[in-house]
Each structure stands twice: as structure tokens, then as C-alpha cells.
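Residues per chain, in single letters:
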Amino acid sequence: MRYRELGKTGLKVSEIGLGGEWLERHNTEEVKAVTDACESAGINILDCWMSEPNVRSNIGLAIKGKRERWIIQGHIGSIWENGQYVRTRDLAKVKPAFEDLLARLQTDYIDLGMIHFVDTKEEFDRVINGEFMEYVRQLKREGKIRHIGMSTHNPETAELAACQGEIEMILFSVNPAFDMLPPVTDLEQYFAEQYDEKLGGIARERERLYQLCEQNQIGITVMKGYAGGRLFHAQTSPFGVALTPVQCIHYALTRPAVASIMAGFDNPQHVSEAVAYETASDAQKDYASVLAAAPKHAFALGQCTYCGHCAPCPSGIDIAMVNKLYDLACMHKEVPGTVRAHYAQLSANADDCIECGGCESRCPFQVSVTDRMRKMKELF
């Protein structure tokens with residue numbers, strides 16, 4: 001495993017990290033198996049944005065007695081309310097949720113205290129200039145967090161964070177589908193002429209962000225590096241071709257300022273597939289030639305990556321999960337029995353959607369959730 005400096009934090013992080021999101025759907029033994037596999041591979045950074053109590057406890061048990069070997073990204077502003085994840089700036093709720101994170105992870109400090117999910121300039125201004133940021137500063141003074149970070153999907157908001165002065169690193173969504181906006185329609189020409197391990201062809205605001213972070217020594221850790229798994233299948237990839245985990249990892253790690261990609265793992269095999277990057281050949285890492293021959297290109301907006309920020313749902317629907325099952329079903333001519341069974345076992349599904357639109361207002365990628373819910377009703 002190779003390690004990289006995380007901006008000016010002084011921390012050296014494994015270039016492949018553990019994104020804890022998918023652990024939420026696994027039991028104590030399964031979480032420990034994934035965590036142990038990560039440790040064996042040399043992974044030393046994990047992200048826990050999830051507020052669900054069980055996954056926090058399971059991660060805490062998995063790293064018990066080994067806390068010092070882990071660099072933890074813990075989020076401030078992610079809470080569990082009425083059985084669902086909620087993002088909030090209400091300190092009456094934020095404070096106990098952060099103390100719960102410490103208690104369940106069995107630690108008295110978080111290495112990277114992440115201001116959770118700030119995606120607009122207006123919210124950034126409210127957070128930075130209000131009592132929320134004062135609380136974050138207090139946590140740092142008390143030693144409960146060692147460094148201040150922020151998570152965002154918006155490059156313009158990320159740029160504000162990179163220039164703010166106190167924020168030392170950013171958790172940001174990076175993958176080829178999110179980055180690339182070709183200026184020409186001939187993709188073969190586009191990639192052949194512009195790809196050279198450089199930034200050519202990336203959307204201007206994202207290119208500027210990566211360069212600014214490099215210049216200001218603001219480290220980036222990556223979320224959504226696999227686009228929720230969509231890039232692994234030609235049927236779901238916006239390019240119409242499949243990429244491998246190694247190719248996705250290579251793309252993220254060749255962006256300026258990027259120190260680590262937080263990959264999601266369901267099992268130890270997924271860990272092995274990711275850390276294969278460390279010994280992969282140049283040919284195995286090469287995503288450019290694959291994309292050069294891609295039959296199509298689509299932008300990231302409108303595509304669900306199962307991030308969960310659409311929650312909470314007033315009907316109790318696990319929107320990320322139903323979207324994942326819907327996408328899996330659409331990859332086949334007929335809905336597979338296992339997918340149908342998983343869908344049927346959910347406590348709430350698309351049939352319970354009241355089309356309030358709250359999920360759409362919170363979605364970072366402008367997914368038409370209510371429209372997808374209607375299609376799910378019909379399909380299932």
C-alpha cells in the first residue's frame with residue numbers, strides 16, 4: 001500500500017480508504033471481516049458519515065484495540081432521527097449525535113471532523129458564519145477533532161472551502177462521469193488528443209478546484225469514485241462501456257490534490273479488487289483507451305449514486321436502496337427473483353411514495369426521484 005500526504009494536515013493516508021456507507025447493511029461479523037481485510041491490506045483511513053447506530057457500533061467493535069492505526073473521517077451534522085438519517089445544523093441535535101459517534105466508535109477523538117454535506121454557497125455562508133462553525137472550532141480546541149474538513153458534491157462550494165482558511169481537507173465526489181464534459185462530439189479524438197495524465201477536458205470548475213486545492217495544500221479524499229457501481233457495467237455506465245475498480249481508482253488518484261479514494265466494500269473480495277490497484281500494470285490502470293472507444297457520453301446529473309442524502313423520507317422509504325434495486329432490475333429483461341425478493345422485504349417501497357419532492361430538493365445530482373418511483377411501481 002502506498003501512502004500520501006493529506007494536504008497540510010501532516011497525516012499520511014493510504015491511497016485507498018474504507019468508505020463505510022455500504023457497511024450499514026451488514027452485521028457485526030461482516031463489518032469486522034471487511035475491516036480486518038482493509039487492515040491486512042494496509043488501509044488506514046475510513047469515512048463514517050452514517051448516523052445509523054448499529055453501523056457506528058459495528059465499526060467501533062471492528063477497530064477496538066486498534067484505534068491508533070486508523071485515521072477517521074467523522075461527520076458533524078449527520079444525525080439519526082425517527083429511524084432515518086437526517087442532515088441538520090440544529091446544534092441541539094448535532095451535539096448529541098457527535099457524542100454518539102465518539103461513544104459508538106469507542107474513541108475520544110476524530111482525526112478529521114467533517115462539516116457534513118454542504119452543497120450551496122448560501123448554506124456554506126450560514127455554516128461558516130454561524131454557531132455551527134463555532135461548535136466545530138470548539139471541538140478542535142477541546143481535541144475532540146484534530147483537523148477540520150468538509151464534504152460536498154459541488155465544485156463551487158468546495159472552492160469556497162479550499163479558500164476559507166480553517167478547512168484543511170475536502171471529501172469530494174470524483175470519477176470520470178462527473179468530471180468529463182467533452183468539447184467535441186468525437187470521443188476518440190477527444191481522448192486521444194487531450195488525455196495525457198493531465199486535466200484536459202475536465203469541466204472547467206472542477207479543473208479549477210483540483211488546481212486550487214493543490215496550490216493551497218487542501219487535501220482531497222474521494223467519494224463516489226465508482227459512481228455507486230454504475231461504472232462497472234456497460235448497461236449502467238453513462239459511457240456505454242464498463243470500467244474496472246482499478247481504472248476508477250486510477251482516475252481519481254491522478255487528480256491533483258487527491259490523497260485517497262474512499263471505496264465502498266460489501267465483503268473482503270471487494271477489498272481485494274480495490275487494493276489490486278497497488279500492483280496493477282499500466283495497461284490495467286488505463287481507462288483512457290476504454291473511454292476513447294465508448295459509444296456515448298452522458299453527464300452525471302440525473303443519475304442516482306445511492307449516496308443516501310435524499311433521506312429522510314416521510315414514508316420511511318430507503319430511497320437509495322430502492323433506487324439500487326430498480327437499477328439492478330433494469331439491467332435484465334426480466335426482474336431477477338432475488339432482486340424482487342429484496343424489494344418485497346423492504347419495510348417501505350415505491351408504493352408508499354407520496355411524491356412530496358423533499359428527496360429531490362436534497363439530491364446533489366438532481367435525480368427525478370418521484371418519476372423513478374412511478375417507474376418502480378410499474379416494474380415491481
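Residues numbered from 1 in each chain as written. Predicted model: local features only at pLDDT ≥ 70, side-chain atom pairs only at ≥ 80, totals over all residues. Heavy atoms only, no water.

What about the packing of aromatic side chains?
The way to describe two aromatic rings as a pair is by their centre distance and the angle between their planes. Applicable threshold: Two rings belonging to Phe, Tyr or Trp (six-membered ring only in the last case) form a pair when the distance between their centres is within 6.5 Å. Interplanar angles under 30 degrees mark stacking, angles over 60 mark edge-to-face geometry, and anything in between is tilted. Where helices and strands are cited, they refer to DSSP runs of H or I of at least four residues and of E of at least two residues respectively, numbered from the N terminus. Accessible area is worked out with a 1.4 Å probe on protein chains only. A residue is then buried under 20% of its type maximum, exposed over 50%, and partly exposed in between. We call a charge positioned over a ring when the NZ of a Lys or the CZ of an Arg lies within 6 Å of the ring centre and within 35 degrees of the ring normal.
Scanning the entire structure with this criterion turns up 5 aromatic pairs. Between tryptophan 49 and tyrosine 85, the aromatic rings sit 4.9 Å apart at their centres with planes inclined by 85°, giving edge-to-face as the arrangement. Pair noted here: tryptophan 49 is in the loop between strand 4 (45-48) and helix 2 (53-62) and tyrosine 85 is in strand 7 (residues 84-87), with a separation of 36 residues, a long-range link. Like tyrosine 85, tryptophan 49 is buried. Pairing tyrosine 251 with tyrosine 287 gives two aromatic rings, centres 5.1 Å apart and planes at 70°, and the pair type is edge-to-face. Pair noted here: tyrosine 251 is in helix 10 (residues 245-253) and tyrosine 287 is in the loop between helix 12 (282-285) and helix 13 (288-292), with a separation of 36 residues, a long-range link. Just as tyrosine 251 is buried, tyrosine 287 falls in that class too. Between arginine 67 and the ring centre of tyrosine 109, over which it is positioned, the NZ or CZ distance is 4.1 Å.

Topic: the nonpolar core
Quick reminder of the rule: Put simply, buried Ala, Val, Leu, Ile, Met, Phe, Trp, Tyr and Cys residues joined by side-chain atoms within 4.5 Å make one nonpolar core.
Ile115 and Phe265 are the most contacted members of the largest nonpolar core, which has 111 residues in total. For this core, the leading source of residues is helix 14 (residues 319-330), giving 7 residues. Residues Val13, Leu112, Met169 and Met223 belong to the second largest nonpolar core, which totals 12 residues.

Quick word on helix 17 (residues 369-379)
We apply this condition: This arc is taken over the directions from the axis of the helix to the C-beta atoms. We call two residues contacting when some pair of their heavy atoms lies within 4.5 Å.
Within helix 17 the residues assigned to the buried category are Val369, Thr370, Arg372, Met373 and Met376. Taken around the axis of helix 17, the buried residues stretch over an arc of 155°, which confines them to a single face. Structurally, helix 17 contributes buried residues whose contacts are with helix 14, helix 15 (337-345) and helix 16 (358-362).

Some details on the packing of helix 14 against helix 17
Which entries qualify depends on this criterion: A fitted line through C-alpha atoms serves as each axis, taken over the contacting stretch for helices, and the angle formed by two N-to-C directions is quoted from 0 to 180°. Reported orientations rely on four angle classes, namely roughly parallel under 35 degrees, roughly antiparallel over 145, roughly perpendicular from 65 to 115, and oblique for the rest. Note on convention: near helix rotated counterclockwise from far helix by under a right angle means a left-handed crossing. Clockwise means right-handed.
Between helix 14 and helix 17, whose axes approach to 11 Å, the crossing angle comes to 55°. Considering the angle they form, helix 14 stands oblique to helix 17. The two elements helix 14 and helix 17 meet at a crossing, and its hand is left-handed. From helix 14, Ile319, Val322, Asn323, Tyr326, Asp327, Ala329 and Cys330 reach across to helix 17, where they touch Val369, Arg372, Met373, Lys375, Met376 and Leu379.

Some thoughts on the packing of helix 3 (residues 91-105) against helix 5 (residues 131-141)
Keep this limit in mind: We call Asp, Glu, Lys and Arg charged. Ala, Val, Leu, Ile, Met, Phe, Trp, Tyr, Cys and Pro are nonpolar, and the rest, Gly among them, are polar.
At their nearest, the axes of helix 3 and helix 5 sit 11 Å apart, and the two run at 25° to each other. By the angle between their axes, helix 3 is roughly parallel relative to helix 5. Here the hand of the crossing between helix 3 and helix 5 comes out right-handed. Note on element contacts: helix 5 touches helix 3 through Glu131, Phe132, Tyr135 and Leu139, opposite Leu91, Val94, Lys95 and Phe98. A per-class count over the contact of helix 3 with helix 5 returns 6 nonpolar, no polar and 2 charged.

So, the confidence of the model for the protein chain
The cut-off we apply is this: Confidence per residue, as judged by the predictor, is encoded in pLDDT with a range of 0 to 100.
Per-residue confidence for the protein chain gives a mean pLDDT of 90; residues scoring 70 or more make up 93%. When the criterion is pLDDT under 50, residues 182-200 qualifies, and its contacts beyond four places in sequence or with other chains add up to 34 contacts.

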